[in-house]
Amino acid sequence: MRDVTTAHPVQDLDVQPTPLALLLLGREADPRSERGVECPGDLPSPSDPDLVERARAAKEKLGDKVFVLGHHYQRDEVIQFADVTGDSFKLARDAAARPQAEYIVFCGVHFMAESADILTSDDQKVVLPDLAAGCSMADMATAEQVAECWDVLTEAGVADQVVPVSYMNSSADIKAFTGRHGGTICTSSNAKRALEWAFEQGSKVLFLPDQHLGRNTAVRDMGMTLEDCVVYNPHKPNGGLTAEELRDAKMILWRGHCSVHGRFSVESVEEVRERIPGVNVLVHPECKHEVVAAADYVGSTEYIIKALEAAPAGSKWAIGTELNLVRRLANRFAAEDKEIVFLDRTVCFCSTMNRIDLPHLVWALESLAEGNLVNRIEVDPETEKYAKLALERMLALP
């Protein structure tokens with residue numbers, strides 16, 4: 001019998017790990033992807049009792065040179081060090097309004113830090129404490145996939161009628177594609193205005209990358225029908241659509257979604273109504289269409305916060321958005337006798353957002369305080385030019 005071990009010794013095999021394997025292992029980087037890489041250097045131990053004091057000391061040493069941004073979905077341990085909190089676009093604009101800050105430490109995810117880099121001056125440096133803090137939704141639309149989609153639209157004879165509208169939760173590459181093709185960016189707050197503008201420019205919209213926000217805005221807010229919408233699946237030939245379907249559609253929705261908001265179901269709504277009589281169900285428009293239809297109120301993160309601020313004492317609310325924010329709001333309004341619960345019984349943190357923890361923040365701040373620039377997020381000039389064009393179109397919306 002042949003000795004295969006001897007004939008093909010393992011050490012002689014020329015086996016190279018694939019780029020995807022390296023990314024999954026937390027090594028290497030794909031600059032066009034939301035997947036991150038390992039954090040260089042030694043992180044403080046999560047059990048270090050001095051983490052809070054270390055973060056405070058490093059931030060004080062940096063003074064006005066640093067401006068810390070905290071997204072609403074961040075952990076409380078991180079939010080306490082944020083100079084401002086908010087959604088991704090608000091934070092990016094806040095950073096641009098602080099030109100004296102040399103370092104912008106963005107406690108959020110990769111696409112948010114990219115937007116901050118696009119909107120801030122060349123002298124400012126945007127830092128993401130953990131490069132592995134990405135966004136699964138943004139990762140569902142790559143530049144190559146979207147370019148191929150445009151080829152499909154061109155072959156179907158409809159590309160000249162299509163205006164791309166990309167959600168803020170997208171990579172700089174996708175924002176740049178949108179800018180190059182005459183489109184605009186939108187947030188969950190102004191998606192209706194963005195779509196109204198787009199339909200003044202053309203007869204169809206390619207909505208990237210969140211199908212649910214696109215569908216909910218078109219059907220719930222603009223009176224379209226579900227039949228007006230088709231879903232382009234980048235993993236199928238021609239997106240899984242015929243040329244006739246593309247010609248008939250008004251909304252061409254990219255097959256992307258938020259892994260957090262996509263978990264909520266109609267059963268969640270029914271269960272909480274039975275468990276808490278008189279409860280108001282308030283959900284984010286990234287939820288599925290049937291969940292939005294079953295809810296009492298629908299709105300962006302800022303809308304959710306303002307709705308709870310204005311809610312009467314003693315009211316009851318079930319919120320369909322990220323758990324860190326819901327917990328923070330429940331604690332904030334407990335003294336006003338407002339009962340605020342998470343819509344689903346299943347714990348639902350944004351796993352990538354939660355990669356920004358206190359050890360990573362301490363490491364980033366201490367590195368900067370020592371004069372070491374780490375984890376800088378920098379968008380190349382060509383991409384920045386067209387991404388900024390798309391963002392400026394949004395800012396010009398009436």
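None of these values were measured; they are calculated from a predicted model. (Residues numbered from 1 in each chain as written. Predicted model: local features only at pLDDT ≥ 70, side-chain atom pairs only at ≥ 80, totals over all residues. Heavy atoms only, no water.)

## Quick word on the confidence of the model for the protein chain
Mean pLDDT over the protein chain: 88, with 89% of residues reaching 70 or higher. A low-confidence stretch, residues 1–37 stays under pLDDT 50, and its non-local contacts, those more than four residues away or across chains, total 37 contacts. (pLDDT = per-residue confidence, 0-100. Contact = heavy atoms within 4.5 Å.)

## Side note on the sheet that holds strand S7 (residues 204–208)
With parallel pairing, the five strands of this open sheet are ordered in space as S6-S5-S7-S9-S8. Either end of the sheet is taken by a strand with one partner, and the two such strands are strand S6 (184–186) and strand S8 (229–232). Averaged over all adjacent pairs, the angle separating strand axes in this sheet is 25°, with direction ignored. Here three bridges tie S7 to strand S9 (residues 251–254), and the two strands are oriented parallel to one another. The residue of S9 that forms the bridge with Val205 is Met251. Contacting strand S5 (162–167), S6, S7, S8 and S9, helix H10 (residues 211–221) runs over the sheet at an angle of about 155° to S9. (Pairing = 2+ DSSP bridges. Helix = DSSP H or I, 4+ residues; strand = E, 2+ residues; numbered from the N terminus. Axes fitted to C-alpha atoms, helices over the stretch in contact; angles between N-to-C directions.)

## Notes on the pattern of salt bridges
Tallied over the entire structure, the rule returns 16 salt bridges. Between Asp94 and Lys90 there is a salt bridge, with its nearest N and O atoms 2.9 Å apart. With Asp94 and Lys90 both in helix H5 (residues 88–96) and four residues apart, this pair spans about one turn of that helix. A relative accessible area of 34% means that Lys90 is categorised as partly exposed. A salt bridge links Glu271 to Arg345; its shortest N-O distance comes to 3.0 Å. Residue Glu271 is located in helix H12 (residues 266–275), and its partner Arg345 is located in the loop between strand S13 (339–342) and helix H16 (358–369); the two are separated by 74 residues in the primary sequence. Here Arg345 falls in the exposed class, since its relative accessible area comes to 61%. (Salt bridge = Lys/Arg side-chain N within 4 Å of Asp/Glu carboxyl O. Buried < 20%, exposed > 50% of the residue type's maximum accessible area, 1.4 Å probe, protein only.)

## Thoughts on the side chain of His261
Take His261: it is sitting in the loop between S9 and H12. Among the polar contacts made by the side chain of His261, one reaches the side chain of Thr321 at a distance of 2.8 Å. Filtering out sequence-adjacent residues up to four positions away, His261 remains in contact with Tyr73, His284, Glu286, Cys287, Gly320, Thr321 and Glu322. (Polar contact = N/O pair within 3.5 Å; in protein donor to acceptor, adjacent residues only side chain to side chain.)

## Re the pairing of S5
In terms of burial, S5 is largely enclosed, as six of its six residues are buried. Covered by surrounding structure in S5 are Val162, Pro164 and Ser166 together with Val163, Val165 and Tyr167, the residues of both alternating faces. Looking at chain direction, S5 and S7 are connected through five bridges and run parallel. Note on S7: the bridge partner recorded for Pro164 is Leu206. In this structure, S5 lies alongside S6, joined through three bridges in parallel fashion. Within S6, the residue paired with Ser166 across the bridge is Ile185.

## Digging into helix H15 (residues 323–333)
Every α-helical turn comprises 3.6 residues, leaving residues that sit three or four positions apart pointing alike. The set of residues buried in H15 consists of Leu323, Asn324, Leu325, Val326, Arg328, Leu329 and Phe333. If you follow the buried residues of H15, they end up packed against helix H4 (76–79), helix H14 (301–310), strand S12 (316–320) and S13. Sitting at the amino-terminal end of H15 is Glu322, which places a side-chain oxygen 2.7 Å from the backbone nitrogen of Asn324.

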